[in-house]
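For reference, the chains in residue letters:
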Amino acid sequence: MTKEAETNRYDLHSRSRRILGLDKDQALKGLFGGNALVSIIVLALITFFLFKEGAGFFGQYRHEIELYRRSGLEYVEIMKEESSSYTELNRYLNSIKGEHATMLKEQGLSFSEAKAELASYEDFIYDFEDLGYPLSEYVLEMNEIAIGARDMYVESANYREHRENLLALGRDEEAAEVEVLDVDLSLFVGMLKEGEPDFLAINDKLAAGIERLTSDLPTIGVAKLDEKMQRFRQLALMFVAEMEGYETRLKEWDSQAPVGMGVAFASFVFGKDWVTNSSIQDWYGILPLFTGSLLVASIAMVIAIPLGVGAAIYINQVATPAEQNFIKPYIEFISAIPSVVIGFFGIAVFGEFVRRASGWAIFSGFDIFPISERLTAFTAGCLLALMAIPTIFTLAEDAINNVPKAFKEASLAMGATRLQTTMRIIVPTSLSGIISAILLGFGRVIGETMVVLLCAGNRIEIPDFTNGVATFFEPVHTMTGIIAQELGEVVNGSIHYRALFMVGMVLFLLSLLINYLAQKIVLKYQISRG
Amino acid sequence: MANDKPEPKRPLIRVSDFDFYYGEKQALFDINMDMKENEVTAFIGPSGCGKSTLLRCINRMNDLVEVARIGRGKIEVNGADIYDPRVDTIELRKRVGMVFQKSNPFPKSIYENVIYGLRIQGINKKPVLDEAVERCLKGAALWDEVKDRLDTSGLSLSGGQQQRLCIARALAVEPDILLMDEPCSALDPVATAKVEELIHSLKNDYTIVIVTHNMQQAARVSDKTAFFYLGKLIEMAKTDEIFMSPKNEQTEAYISGRFG
Ligand SMILES: Nc1ncnc2c1ncn2[C@@H]1O[C@H](COP(=O)(O)OP(=O)(O)OP(=O)(O)O)[C@@H](O)[C@H]1O
Ligand SMILES: [Mg+2]
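Residues numbered from 1 in each chain as written. Chains lettered and ligands numbered in written order. Predicted model: local features only at pLDDT ≥ 70, side-chain atom pairs only at ≥ 80, totals over all residues. Heavy atoms only, no water.

A look at the overall build of chain B
Stated precisely, the cut-off is as follows: In this text, helices come from DSSP runs of H or I with a minimum length of four residues, and strands from runs of E with a minimum of two, each type numbered from the N-terminal end. The size measure is the radius of gyration over C-alpha atoms, and the globule rule it meets is 2.2 Å times the number of residues to the 0.38 power. Summary of the burial criterion: residues with accessible area below 20% of their type's maximum are buried, those above 50% are exposed, and those between are partly exposed, where the area comes from a 1.4 Å probe applied to protein chains only. Under the convention used here, a 1.4 Å probe and the Shrake-Rupley method define accessible areas, while residue burial counts only the protein chains that appear. A positive count includes Lys and Arg, and a negative count includes Asp and Glu. His and the chain ends are not counted in either. Taken as the charge centre is NZ of Lys, CZ of Arg, CG of Asp or CD of Glu, depending on the residue.
Counting secondary structure elements, chain B contains 11 helices and 10 strands. Here the C-alpha atoms of chain B give a radius of gyration of 18 Å, agreeing with the 18 Å that 2.2 N^0.38 yields for 260 residues. Taken along its principal axes, the extent of the C-alpha atoms in chain B is 55 × 45 × 40 Å. Put simply, chain B has 260 residues, and 53% of those count as buried. When the accessible area of chain B is evaluated, it comes to approximately 11,800 Å², of which 49% is carbon and sulfur surface. Of the side-chain charges in chain B, 35 are positive and 38 negative, and the distance between the mean point of each set is 2 Å.

Focus: the overall build of chain A
The criterion, for reference: Only heavy atoms matter for contacts: two residues are in contact if any of them lie within 4.5 Å across the pair.
Each helix and strand counted, chain A has 20 helices and two strands in total. Across its three principal axes, chain A shows a C-alpha extent of roughly 120 × 80 × 40 Å. Burial status across chain A gives 42% buried among its 530 residues. A fraction of 78% describes how many contacts in chain A between residues 6 or more apart in sequence connect residues 24 or more apart. Of the roughly 29,200 Å² of accessible surface on chain A, a fraction of 61% belongs to carbon and sulfur atoms. In chain A, which carries 44 positive and 65 negative side-chain charges, the distance between the mean positions of the two groups comes to 15 Å.

With respect to the packing of aromatic side chains
Basically, it comes down to this: Here the aromatic set is Phe, Tyr and Trp, taking the six-membered ring for Trp, and pairing holds for ring centres within 6.5 Å; pairs whose planes are under 30 degrees apart are stacked, those over 60 apart are edge-to-face, and all others are tilted. Put simply, a charge is over a ring when the Lys NZ or the Arg CZ is close to the ring centre, within 6 Å, and near the line of the ring normal, within 35 degrees.
Under the criterion given, the structure shown has 28 aromatic pairs over all chains. Centroid distance A:W274 to A:Y284: 5.5 Å. Interplanar angle 85°. Geometry classified as edge-to-face. Here the residue A:W274 occupies a position in strand 1 (residues 274-275), and A:Y284 occupies one in strand 2 (residues 283-284), the gap between them amounting to 10 residues. A single burial state applies to A:W274 and to A:Y284, both of which are buried. Residues B:F20 and B:Y22 carry aromatic rings whose centres are separated by 5.4 Å and whose planes lie at 85° to one another, so their mutual orientation is edge-to-face. Among the aromatic residues, those joined into a ring-pair cluster are A:F57, A:F58, A:Y61, A:F265, A:F268, A:W274 and A:Y284. A cation over an aromatic ring shows up here: B:R169 above the ring of B:F106, its NZ or CZ 4.5 Å from the ring centre. Between the NZ or CZ atom of B:K232 and the centre of the ring of B:F29, over which it lies, the distance is 4.7 Å.

Details of a nonpolar patch on the surface
The condition that has to hold: Patches were defined on residues exceeding 30% relative accessible area and lacking a salt bridge, with like-charge contacts within 9 Å and nonpolar side-chain contacts (Val, Leu, Ile, Met, Phe, Trp, Tyr) within 5 Å. Salt bridges are identified by distance alone: a Lys or Arg side-chain nitrogen within 4 Å of an Asp or Glu carboxyl oxygen.
Among the surface-exposed residues, A:L28, A:L31 and A:F32 lie close enough to one another that they form a single nonpolar patch of about 320 Å² accessible area. Residue position: A:L31 is located in helix 2 (residues 24-55).

Re the nonpolar core
Here is the rule: Here, nonpolar core refers to any group of buried Ala, Val, Leu, Ile, Met, Phe, Trp, Tyr and Cys residues whose side-chain atoms link them within 4.5 Å.
Among the nonpolar cores identified, the biggest contains 120 residues, and A:F57, B:I13, B:V15, B:F18, B:M33, B:F43 and B:L54 are the most heavily contacted of them. Beyond its immediate stretch of four places on either side in the chain, B:L54 contacts B:V15, B:F18, B:L28, B:I31, B:M33, B:F43 and B:F228.

Remarks on the layout of surface pockets
Test applied: Computed over the protein atoms alone on a 1 Å grid, cavities are sets of points where a 1.4 Å probe fits but cannot get out and pockets are open sets with protein on both sides within 12 Å along at least five of seven lines; a residue lines them when it has an atom within 4 Å of a point. Grid points are joined across faces, edges and corners, and a volume is the space filled by probe spheres set on the points. Think of it as three bins: nonpolar holds Ala, Val, Leu, Ile, Met, Phe, Trp, Tyr, Cys and Pro, charged holds Asp, Glu, Lys and Arg, and polar takes everything else, Gly as well.
In this structure, the largest pocket spans a volume of roughly 630 Å³. When contributions to the lining of the largest pocket are tallied by element, the ones reaching two or more residues are helix 12 (287-318), helix 13 (321-334), helix 15 (377-401), helix 16 (405-413) and helix 17 (418-447) of chain A together with helix 2 (89-95) of chain B. Of the residues in the lining of the largest pocket, the class split is 12 nonpolar, seven polar and six charged. Each pocket or cavity is described by its volume, and for the second largest pocket that value is around 420 Å³. If you go around the second largest pocket, you meet 16 residues; those closest to its centre are A:H63, A:E64, A:L67, A:R150 and A:V154. Looking at the lining of the second largest pocket, the elements that each hand over two or more residues are helix 3 (57-70) and helix 6 (133-169) of chain A.

Observations concerning the pairing of strand 10 (residues 232-238) of chain B
Residues and elements named next belong to chain B. Filter applied, for reference: Paired strands, in this sense, are two strands between which DSSP finds at least two bridges.
Examined bridge by bridge, strand 9 (residues 224-229) and strand 10 share six bridges and lie antiparallel to one another. Residue pairing in the sheet places A226 in a bridge with M236 of strand 10. In sequence, strand 9 turns back onto strand 10 through a hairpin of two residues, with L230 there showing a positive phi of about 50°.

Description of empty space enclosed by the protein
All names here are of chain A. Overall, the coordinates contain one cavity of 30 Å³ or more when judged by the stated rule. As a volume, the largest cavity reaches approximately 40 Å³. Lining the largest cavity, in full, are S293, V296, A297, L384, V445, I446, E448, V452, T478 and T480. Residue assignment for the lining of the largest cavity shows that the elements contributing at least two residues are helix 12 and helix 17. Across the lining of the largest cavity, the residue classes break down as six nonpolar, three polar and one charged.

Comments concerning the site of ligand 1
Residue and element names in this part refer to chain B. Quick note on the threshold: Any residue with at least one heavy atom within 4 Å of a molecule or strand is counted as near it. Polar contact is defined as a pair of N or O atoms within 3.5 Å, subject to the rule that within protein one atom must be able to donate a hydrogen and the other to accept it, and that residues adjacent in sequence are counted only when both atoms are side-chain atoms.
The immediate surroundings of ligand 1 are formed by 13 residues, with S47, K51, S52, T53 and H213 found nearest. Take G50: an N or O atom from its main chain is 3.0 Å from an oxygen atom of ligand 1. Taking K51, its side chain carries an N or O atom lying 2.7 Å from an oxygen atom of ligand 1. Taking 630 Å² as the accessible area of ligand 1 by itself, protein coverage stands at 64%.

Some thoughts on the packing of helix 14 (residues 339-357) of chain A against helix 15 of chain A
Residues and elements named next belong to chain A. The condition is simple: Here an angle of 0 to 180 degrees is reported between the N-to-C directions of two axes, which are lines fitted to C-alpha atoms, with helices fitted over the stretch in contact. Orientation is classified from the angle alone, with under 35 degrees giving roughly parallel, over 145 giving roughly antiparallel, 65 to 115 giving roughly perpendicular, and any other angle giving oblique. Two helices cross in a left-handed way if the nearer one is turned anticlockwise from the farther one by less than a right angle. They cross in a right-handed way if the turn is clockwise.
Relative to each other, helix 14 and helix 15 sit at 135°, their axes nearing to 10 Å. Here helix 14 lies oblique to helix 15, going by the angle between them. As for the relative orientation of helix 14 and helix 15, their crossing is right-handed in sense. Every residue of helix 15 that contacts helix 14 at S339, I342, F345, G346, F350, G351 and V354 is listed here: F378, T379, C382, L383, L386 and M387.

Things to note about the confidence of the model for chain B
Low pLDDT marks stretches whose predicted atomic positions should not be read closely. Residue and element names in this part refer to chain B. We apply this condition: Every residue gets a pLDDT, meaning the predictor's confidence in that residue, from 0 to 100.
For chain B, mean pLDDT is 88; residues scoring 70 or higher make up 95% of the total. When mean pLDDT is compared element by element in chain B, strand 3 (residues 40-44) scores highest at 94, while helix 8 (residues 189-202) scores lowest at 86. Here the predicted complex carries an ipTM of 0.89, next to a pTM of 0.78.

Topic: the state of the cysteines
Note the following rule: Cysteine sulfur atoms that come within 2.5 Å of each other are treated as a disulfide pair.
Going through the model one piece at a time under the given rule, you end up with zero disulfides over all chains. We note that A:C382 lacks a disulfide partner, and the nearest cysteine sulfur, in A:C455, lies 10 Å from it.

What about helix 2 of chain A?
In plain terms, the rule: For a helix, the expected span equals 1.5 Å multiplied by the number of residues minus one.
For helix 2 of chain A, with 32 residues, the first-to-last C-alpha span of 46 Å sits near the 46 Å given by 1.5 Å per residue. For helix 2 of chain A, every residue scored as buried is listed here: A:L50, A:E53 and A:G54.

Notes on the pattern of salt bridges
Pairing between side chains becomes possible if they bear opposite charge and their charged atoms approach one another. This model, assessed by the stated rule, comprises 38 salt bridges over all chains. Measuring nitrogen to oxygen at the nearest pair gives 3.0 Å for the salt bridge that ties B:R86 to B:D84. Relative accessible area serves as the criterion here: at 73%, B:R86 is assigned to the exposed category. One network of salt bridges, in which partners are shared, links A:R62, A:E66 and A:R70.

Description of the environment of A:L507
Residues and elements named next belong to chain A. With respect to the element layout, L507 can be found in helix 20 (residues 495-528). Judged by relative accessible area, which is 11%, L507 ranks as buried. C-alpha of L507 to C-alpha of E174: the two residues are 333 residues apart in sequence and 47 Å apart in space. Aside from chain neighbours lying at most four places away, what touches L507 is I446, M479, T480 and I483.

Notes on the environment of A:D130
All names here are of chain A. Residue placement: D130 occurs in helix 5 (residues 111-131). Under the relative-accessibility criterion, D130 is labelled partly exposed at 41%. In sequence terms D130 and L206 are 76 residues apart; their C-alpha atoms lie 10.0 Å from each other.

Section: the interface of chain B and chain A
Taken together, the 24 residues of chain B in the interface contact 19 residues of chain A. Here B:R56 makes a salt bridge to A:E409, at a shortest N to O gap of 3.0 Å. Applying the counting criterion to the chain B and chain A interface returns five residue pairs in polar contact (both at pLDDT 80 or more). Mapped onto the side of chain B that touches chain A, the elements with two or more residues apiece are helix 2, strand 6 (96-99), helix 4 (116-119) and helix 7 (159-172) of chain B. Each residue belonging to the side of chain B that touches chain A can be placed in one class, and the counts come to 14 nonpolar, three polar and seven charged.

Have a look at this one:
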């Protein structure tokens, strides 16, 4: 060894090359730190943007609801409720007639014979319908007044704004030309209120008429239908009893009652209606979308959890290497299919298949089948399950794979079967990993847009869970679907636009929550493994 | 073994002309040996010589290795060929318990760890389980240390306690044979002494095969010692004889520490 080499050996300074004045470790740290920083900034920007765009929503919504009340639309709405429950009664009556007609046709009666049969009580039905005309006429009239008031008010507000803009620009002359009427909403509300005695009179006459007609019900001569007639009488009398409720609500209604932020908030969070571009009043209630999303996601999870977790257990514990090499990439390949293709498949093939299949003889025992809709929560749920399976499978398989081999060996060495080892050792040990896999699968499903937009049927209505299993075969709309569908057509900054951002916000918070839970569970799992 | 006479001791495990392969690679060559009832047999030899392989052949744990296969010969336990296709490995493993080099209690309570073998046999009666827990933990010399915390996780115990818990777990299924693969390699001298003491006391009821790299340990606990080298059984004899006057040069070199 030369002398120089000898001294060099004790030179402990780093000899590695420097990058931008940093040594290798620092450079690496900088690189990865930079990446992390960028992600954090992007996330913060997204959050900020969502908040900013959504922020004005509640104020604007409160203002709209206030106008709805001040202009008397809310007042008219109460009368409309009464009128539409009367229409329901008519519909019920007509359904009896319809049923009778089909029955007669099945019995082989000719058209004129059937007509003669029906004629015996047709007059009763017409009389009943006629009773309701004064009510519906009156409601229509009042509706015109309220809408007119609201529209004039909005228009004048627009002109006022225009004039102020001109003034602010210093174009005083032009501003002076802009005519702004002063719309006093209370005048119109006064008109509505003045009509109240008329309305009460109409109600009284209606009640008397219903009581008179139902005291002398026509008999059809078919036991089943006569039973329905009796039921109709009950419903009609119930309607009469409810009239008083409407009347008190009208009397107590106050156009000047304050509308707080809480009302706007509740109307968004618990609102049952999502109605846009209506000539009367727009409503932004997230409930139908939220429940729709949840219903579709639940269907997807019910299918995807057993399949995904089952496949993970099978691949990890039972499958031969040859099976593993085939099945694993195959399942993972599913996640490479673009969601629009899956949605297209759902529309073109799967939805129709489900509808047809529901008519097969084996299902004839269930009275909810055959179904009439092609695109339903079920269709979308099945396809979403397909998309969730790879996520659940891959993550659950990882979790199972992380179970130390020593546990498996110990169990088998005790004389446990493979199944016992799987169920008693492998699954419990990896349970938290499996649960977080399921949660992340759920997050994937709830955030998926294209498939639900194409296949869920897009009917904005809270699924009627009282229908039992049939609920799953109703069309629904989802939070993701509505954003994708409506965001393209809304005016920037309008209340509708902001409402969609609020929906986005709810989705965002939901995803955050799911991820947070998944992480917490994994953390707990690591600690328990010591 | 109802019709067995206590004397003379008969071979409970018999290995004859046994060849074993991992894929193309032969790991064991023509092994012939007997392990007698209620005796402790120690396997010694340099790393990679096939001790664990032979041990894991006795309870067919090597079945889990995809490429493993037997070339020739057989292993009999209590007179029955364990590689006979009709043999149920589940039943075999209940008779032949195993304790691993690295202690591996399940992530369950101490109580559940001990009775795991009973639970999988469908035994769920509380009094039976309670009795088994006490008996096995006493048998594994662990009872006094854990009797007040049977509900805590088996993973919360020290390394030595964990290894004794694994022994207790193996005892619960009441095997005839206990296979131990370097059970003390991760333990300190105190814990090692405890396990060795335990092996001594277990000898009365079980036939034990132990793999060890510790010559003193082999000398202390075993009745017979077998020396392996490169997959072959070089010499097997009474432990005293092997350590006092080994017949084979390689054996002597190995136990005196002069082995290359
Ligand atoms: N699963 C396996 N697949 C392939 N070869 C293996 C496998 N297990 C062991 N072997 C090989 O078989 C030979 C014997 O291994 P074995 O584990 O029996 O040695 P050992 O005597 O127990 O060694 P040690 O004292 O280090 O534990 C070694 O050459 C090893 O590489
Ligand atoms: Mg070994």
